[in-house]
Amino acid sequence: MDRRQVIAGAALAPLIVGASRAQSGPLRFVFPFAAGGAGDGLTRIVADEVGRALNETAIVEARPGAGGQIGTQAVINAPPDGRTLLLTPVAPVIIHPIVFPQLPYDPFKDLAPISLVTTFDFALAVNPETPVKTLAELVPWMKADPRRATYGSPGVGNLPHFFGALMGEKIGIAMQHAPYRGSAPALTDLVAGQVPMVMTTTSDVTELAKAGRIRVLAVSGRERSPFLPDVPTFTEAGVPIVGGAWYALYTKAGAPADMIGKVSQAVMAAMRAPAVKAKVLGLSMVPTGSTPEELASIQKADHEAWTPAVRASGFKPS
């Protein structure tokens, strides 16, 4: 486990990265959450590099809604030509099949794995005006006023959502979840003091923390994050929980194997390139890359690993 919300204001931004093939249109990279966060930035990096490698025009399309399901379904509804790609975190392809019995797709059947892209951890952040400087101070602060035991996350049914619930279980507080359509709006409300805390990815909190706009209390890895070395892990802070996740690239099942292979090779090469690695590390993520087969194995293993924890949370979709 340590490896790691319908359309609202869809944002479309072209990335011109080579000669366009008018007869088939551009490569479309769908990010299934709101634009503006680290995942959106990562999608643009990958689109740029893959488009360049394949001598294609690539565009990035943010399709937020239903915790990532809208964008995922958009890729599944596309032609199976491998030219519409999904750059997604774990939730739509690992967690949603566990918690949504009426999920309109099966990621194991309807999507074709292409490549793992990055790995990252989670982080718990509060507004710096909050009189809480450590995780140990957070518990009595929440118990003094149950309204404070509310945390935002990038969406319902994602790993930060369940990691927050797991934290509540460990500290003996019934945490209230406030889902957002992505990390960016959740953190905007945190900075504005509209939500007491946010559980999201380290990649989405690092720059805000360095700027003093938020305070990060703990990170979810087994070891401290290299991006936030002064922040303890949850375990170090007295709450023995560990978790992590990843971003990966998929396309619609049935896409040509040669297209999948070309894109996978382009992603792996990009994640090894020093200039690209520097950009990805700048997003507070660890660049990886993998074959389609390796991603399929990781997806299966993580689905099996997270299933007991998610079911134990008692979460039922409304």
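What counts as what
- Residues numbered from 1 in each chain as written.
- Predicted model: local features only at pLDDT ≥ 70, side-chain atom pairs only at ≥ 80, totals over all residues.
- Heavy atoms only, no water.
- Helix = DSSP H or I, 4+ residues; strand = E, 2+ residues; numbered from the N terminus.
- Rg over C-alpha atoms; globule rule 2.2 N^0.38 Å.
- Areas by Shrake-Rupley, 256 points an atom, 1.4 Å probe, with all protein chains shown as cover.
- Lys, Arg positive; Asp, Glu negative; His and termini not counted.
- Charge placed at Lys NZ, Arg CZ, Asp CG, Glu CD.
- Buried < 20%, exposed > 50% of the residue type's maximum accessible area, 1.4 Å probe, protein only.
- 1 Å grid on protein atoms, 1.4 Å probe; cavity = no way out; pocket = protein on both sides within 12 Å on 5 of 7 lines; lining within 4 Å.
- Points joined across faces, edges and corners; volume = space filled by probe spheres on them.
- Nonpolar A, V, L, I, M, F, W, Y, C, P; charged D, E, K, R; others polar.
- Phe/Tyr/Trp six-rings, centres within 6.5 Å; stacked < 30°, edge-to-face > 60°.
- Salt bridge = Lys/Arg side-chain N within 4 Å of Asp/Glu carboxyl O.
- Axes fitted to C-alpha atoms, helices over the stretch in contact; angles between N-to-C directions.
- Parallel < 35°, antiparallel > 145°, perpendicular 65-115°, else oblique.
- Contact = heavy atoms within 4.5 Å.
- Core = buried A, V, L, I, M, F, W, Y, C linked by side-chain atoms within 4.5 Å.

Peer 1: Looking at this model, I keep getting lost on the overall build of the protein. Mind explaining?
Peer 2: A tally of regular secondary structure across the protein gives 12 helices and 11 strands. By the compact-globule yardstick of 20 Å for 318 residues, the protein fits well, its C-alpha radius of gyration being 19 Å. With respect to the three principal axes, the spread of C-alpha positions in the protein is 65 × 40 × 35 Å. Just so you have it, the protein exposes about 12800 Å², and 55% of that area is on carbon and sulfur atoms. In the protein, the 28 positive side-chain charges and the 25 negative ones have mean positions that sit 2 Å from each other.

Peer 1: Would you mind going over unusual backbone geometry with me for this structure?
Peer 2: Phi is mostly negative for residues that are not glycine, and the peptide bonds are mostly trans. Even without glycine at this site, N55 takes up a positive phi of about 55°. Here N55 lies in the loop between α1 (38-54) and β3 (58-62). On the basis of relative accessible area, N55 is assigned to the partly exposed category, the value being 47%.

Peer 1: What is the right way to look at empty space enclosed by the protein in this model?
Peer 2: The method is simple in principle: a probe with the dimensions of a water molecule rolls over the atoms, and the space it marks as empty is what remains. Size it by volume and the largest cavity reaches roughly 220 Å³. As for the largest cavity, its lining consists of 22 residues, of which P89, P154, S183, T201 and Y247 are closest to the centre. Mapped onto the lining of the largest cavity, the elements with two or more residues apiece are α1, β5 (111-126), α7 (159-171), α8 (183-191) and β10 (244-252). The class makeup of the residues in the lining of the largest cavity is 15 nonpolar, 6 polar and 1 charged.

Peer 1: Just to check I follow, could you spell out the layout of surface pockets for this structure?
Peer 2: In this structure, the largest pocket spans a volume of roughly 250 Å³. Every residue lining the largest pocket is counted, 17 residues in all, and those nearest its centre are G36, G37, L187, D204 and L208. Elements that contribute at least two residues to the lining of the largest pocket include exactly α8 and α9 (202-210). With 6 residues, the top contributor of residues to the lining of the largest pocket is α9. For the lining of the largest pocket, the per-class residue count stands at 7 nonpolar, 7 polar and 3 charged.

Peer 1: What is the right way to read the environment of R63 from this model?
Peer 2: Its location among the elements puts R63 in the loop between β3 and α2 (69-76). Under the relative-accessibility criterion, R63 is labelled buried at 14%. For R63 and T150, which are 87 residues apart along the polypeptide, the C-alpha to C-alpha distance reads 26 Å.

Peer 1: What's the story with α9 in this structure? I'm lost.
Peer 2: Across the 9 residues that make up α9, a large majority, 7, are buried. Those residues of α9 that fall on the buried side of the exposure criterion are T202, S203, D204, V205, T206, L208 and A209.

Peer 1: Help me understand the packing of aromatic side chains, please; the structure alone is not making it clear to me.
Peer 2: What describes a pair of aromatic rings is the distance from one ring centre to the other and the angle between the planes of the rings. Inspection of every chain in the model, using the stated rule, returns 6 aromatic pairs. For the ring pair F120 and F122, a centre distance of 6.3 Å and an interplane angle of 75° mean the geometry is edge-to-face. Accessibility assignment for this pair places F120 and F122 in one class, buried. By the ring-pair criterion, three or more aromatic residues cluster together here, those being F31, F33, F120, F122, F163, F234 and Y247.

Peer 1: Looking at this model, I keep getting lost on the pattern of salt bridges. Mind explaining?
Peer 2: A side chain with one charge may pair with a side chain of the opposite charge, provided their charged atoms come close. Applying the stated criterion to the full structure yields 8 salt bridges. The residue R224 makes a salt bridge to E236 at a minimum N-O spacing of 2.9 Å. In this pair, R224 is assigned in the loop between β9 (215-219) and β10 and E236 in the loop between β9 and β10, connecting sequence segments 12 residues apart. For R224, a relative accessible area of 38% puts it in the partly exposed group. Ionic pairing is found between K300 and E304, a salt bridge with its closest N-O pair at 2.8 Å. Here the residue K300 and the residue E304 both occupy positions in helix α12 (residues 292-312), the gap between them amounting to 4 residues, near one helical turn.

Peer 1: Please clarify how the packing of helix α10 (residues 257-272) against helix α11 (residues 274-282) should be interpreted in this entry.
Peer 2: Relative placement of two packed helices is described by the angle separating their axes and the distance separating the axes. Between α10 and α11, the shortest axis-to-axis distance is 5 Å and the interhelical angle comes to 80°. It follows that α10 is roughly perpendicular to α11 by the angle criterion. For the pair α10 and α11, the contacting residues are A270, M271 and R272 in the first and P274, V276, K277 and V280 in the second. Along the lines of polarity and charge, the residues of the contact of α10 with α11 split into 5 nonpolar, no polar and 2 charged.

Peer 1: Which parts of the structure should I look at to understand the side chain of T150?
Peer 2: Relative to the assigned elements, T150 resides in strand β6 (residues 150-153). Discounting residues that sit within four places of it in the chain, T150 has contacts with Q176, A178, V195, P196 and M197.

Peer 1: Sorry if this is basic, but what is going on with the nonpolar core here?
Peer 2: General note: in soluble globular proteins, nonpolar side chains tend to be found buried as a group. F29, V46, I95, L138, F234, W246 and L249 are the most contacted members of the largest nonpolar core, which has 83 residues in total. It is β5 that provides the largest number of residues to this core, a total of 9 residues. The next biggest cluster of nonpolar side chains, apart from the first, holds 16 residues, and it includes A125, A186, V195 and V198.

These results come straight from atomic positions and should not be treated as a statement about function.
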